[in-house]
Amino acid sequence: KKQRRRVDFLAFHQQSFQGFPSTITLHISQAFHSPMNKEIQIALRRAIYNTCKEPKKETEIRKNAEVKETAVSQENLRKMLSKMAKQKLLLLLKDASTGEMIFHSVPREKVASFQTLNDFDTSIYQIIDQAGDLGITKREMGRKVKKHSKIIDLSLKTLVTKNLIKAVQSIKSKQKVFMLYDLEPNREITGGIWYTENMTFNTKLIMELQSATVNYLVERGHGTTMDILREVKGRGLSSSVELQEQDMKQIMTTLLYDGLIEEAPDSREAEPIYRLMKGVEVTNPFSEIPCSNCPVFADCVPGSDVNPSDCQYLSKWAQKLQW
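Rules and cut-offs
- Residues numbered from 1 in each chain as written.
- Predicted model: local features only at pLDDT ≥ 70, side-chain atom pairs only at ≥ 80, totals over all residues.
- Heavy atoms only, no water.
- Helix = DSSP H or I, 4+ residues; strand = E, 2+ residues; numbered from the N terminus.
- Expected span 1.5 Å × (residues − 1).
- Buried < 20%, exposed > 50% of the residue type's maximum accessible area, 1.4 Å probe, protein only.
- Polar contact = N/O pair within 3.5 Å; in protein donor to acceptor, adjacent residues only side chain to side chain.
- Axes fitted to C-alpha atoms, helices over the stretch in contact; angles between N-to-C directions.
- Parallel < 35°, antiparallel > 145°, perpendicular 65-115°, else oblique.
- Contact = heavy atoms within 4.5 Å.
- Nonpolar A, V, L, I, M, F, W, Y, C, P; charged D, E, K, R; others polar.
- Pairing = 2+ DSSP bridges.
- Core = buried A, V, L, I, M, F, W, Y, C linked by side-chain atoms within 4.5 Å.
- Left-handed = near helix turned anticlockwise from the far one by under 90°.

K.L.:
I'd like a description of helix 3 (residues 38–51), backed by residues and values.
P.N.:
Taking 1.5 Å of rise per residue, 14 residues should cover 20 Å, and helix 3 covers 20 Å from first to last C-alpha, within 8% of that figure. Within helix 3, the full set of buried residues consists of I40, A43, L44, A47, I48, Y49 and T51. Of the residues that open helix 3, the one with a side-chain oxygen 3.1 Å from the backbone nitrogen of E39 is N37.

K.L.:
Describe the packing of helix 8 (residues 119–131) against helix 10 (residues 149–161), listing the residues and the values that go with them.
P.N.:
The angle between the axes and the distance between the axes are what describe a pair of packed helices. Interaxial distance between helix 8 and helix 10 falls to 9 Å at its minimum, and their mutual angle equals 75°. By the angle between their directions, the pair helix 8 and helix 10 is classed as roughly perpendicular. Facing helix 8, whose interface residues are F120, D121, I124, Y125 and I128, helix 10 presents I151, I152, S155, L156, T158 and L159. Its residues assigned to classes, the contact of helix 8 with helix 10 comprises 8 nonpolar, 2 polar and 1 charged.

K.L.:
Outline the side chain of S170, listing residues and values.
P.N.:
Position of S170 among the secondary structure elements: in the loop between strand 4 (165–169) and strand 5 (176–180). Beyond its immediate chain neighbours, meaning those up to four positions away, S170 contacts Q175, V177 and I189.

K.L.:
Tell me about the sheet that holds strand 7 (residues 261–263), and please be specific about residues and values.
P.N.:
Pairing within the open sheet is antiparallel, and its 3 strands lie in the order 6-8-7. The open sheet is flanked by strand 6 (223–224) and strand 7, the only strands paired with a single partner. Of the strand pairs in this sheet, strand 6 and strand 8 (residues 273–276) are connected by 2 bridges, and their pairing is antiparallel. Each residue of the ladder has a partner; that of T224, found in strand 8, is I273. Across the sheet, helix 12 (residues 203–220) lies against strand 6, strand 7 and strand 8, angled at about 85° from strand 8, the strand it touches most.

K.L.:
For the nonpolar core, give the residues involved together with the corresponding values.
P.N.:
Grouped together as the largest cluster of nonpolar side chains are 37 residues, with contacts concentrated most on I48, I124, I128 and M141. Breaking this core down by element, the ones donating at least two residues are helix 3, helix 6 (74–86), strand 2 (90–94), helix 7 (111–114), helix 8, helix 9 (138–145), helix 10 and strand 5. Residues W194, L209, L243 and L260 belong to the second largest nonpolar core, which totals 21 residues.

K.L.:
So what about the pairing of strand 4? Which residues, and what values?
P.N.:
As paired elements, strand 4 and strand 5 share 5 bridges and run antiparallel to each other. Counterpart to Q169 in the pairing with strand 5 is K176. Between strand 4 and strand 5, which pair antiparallel one after the other, the connecting turn spans 6 residues, and K174 there sits at a positive phi close to 60°.

K.L.:
Describe the packing of helix 3 against helix 6, naming the residues involved and giving the relevant values.
P.N.:
Orientation of helix 3 relative to helix 6, taken along the N-to-C sense of each, is 70°, at an axis distance of 11 Å. In terms of orientation, helix 3 lies roughly perpendicular with respect to helix 6. Like other packed secondary-structure pairs, helix 3 and helix 6 cross with a definite hand, here right-handed. Of helix 6, the residues touching helix 3 (which contributes Q41, L44, R45, I48 and Y49) are N76, L77, M80, L81, K83 and M84. Among the residues making up the contact of helix 3 with helix 6, the classes are represented as 7 nonpolar, 2 polar and 2 charged.

This is the structure we're talking about:
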């Protein structure tokens with residue numbers, strides 16, 4: 001009897017509160033149901049998943065407005081976090097400084113791949129995730145998990161095959177580092193635009209940019225780094241790479257050290273103005289670079305039959321610079 005009255009009372013209130021804000025509805029449902037009914041679970045799972053698209057600690061998750069709206073207890077929140085982690089909807093990471101657990105949502109398109117991973121594969125992925133765009137070597141992983149390298153190799157092969165991670169050759173350590181598949185490697189790892197895909201120094205690009213810079217100053221008399229960068233991009237000289245202001249500043253620095261350009265007296269501290277060094281003839285070697293008139297310029301690539309290292313014309317030109 002009492003049970004029937006309770007059900008009738010709940011049904012009456014569910015009808016009475018239709019159209020009210022979802023917060024009120026959830027509070028009422030929570031008051032008369034088991035700790036978490038299906039509706040609350042769905043709302044909480046969605047709220048947690050959305051909140052953790054960027055890594056979050058449990059305290060940060062609890063403060064989220066969407067999570068707070070479900071009005072669940074701390075115990076039920078932890079139960080849901082644990083359940084989602086087991087379902088591979090969330091990854092568990094650890095804050096290196098505090099040791100606190102951090103939760104990170106698995107992208108929806110990758111959930112199926114994650115659900116086929118064993119616990120060790122998942123732990124390797126989590127270590128790689130924490131390494132960010134600098135990546136991590138296999139040796140460093142071994143120190144963290146304290147497992148034989150062959151076991152780590154199997155996990156890495158699985159993760160690479162599923163396009164969850166990738167290996168990138170590091171200019172800095174001369175070793176392969178592993179990072180998440182969708183991450184763009186840090187310039188500290190790849191060497192930025194100054195290195196080719198084969199990890200060889202991109203001499204050809206540097207010479208092109210140096211030549212373009214000197215030619216710009218010959219024509220215009222002076223200019224800032226941004227002036228020259230806009231000119232270079234406008235002429236399509238950097239179409240093969242993503243040239244940034246910091247790259248152009250490095251080119252300006254090399255020309256300063258080589259005594260070909262100088263800062264103008266009226267330079268602003270925030271944005272220096274450059275001009276040709278006094279005494280440098282307008283017909284300087286950079287304006288005579290053979291690459292500008294070379295008939296096979298488009299095919300000149302380091303490591304190929306036609307390459308800058310074996311070019312006799314480029315060697316003769318470079319001797320004029322006395323570098």
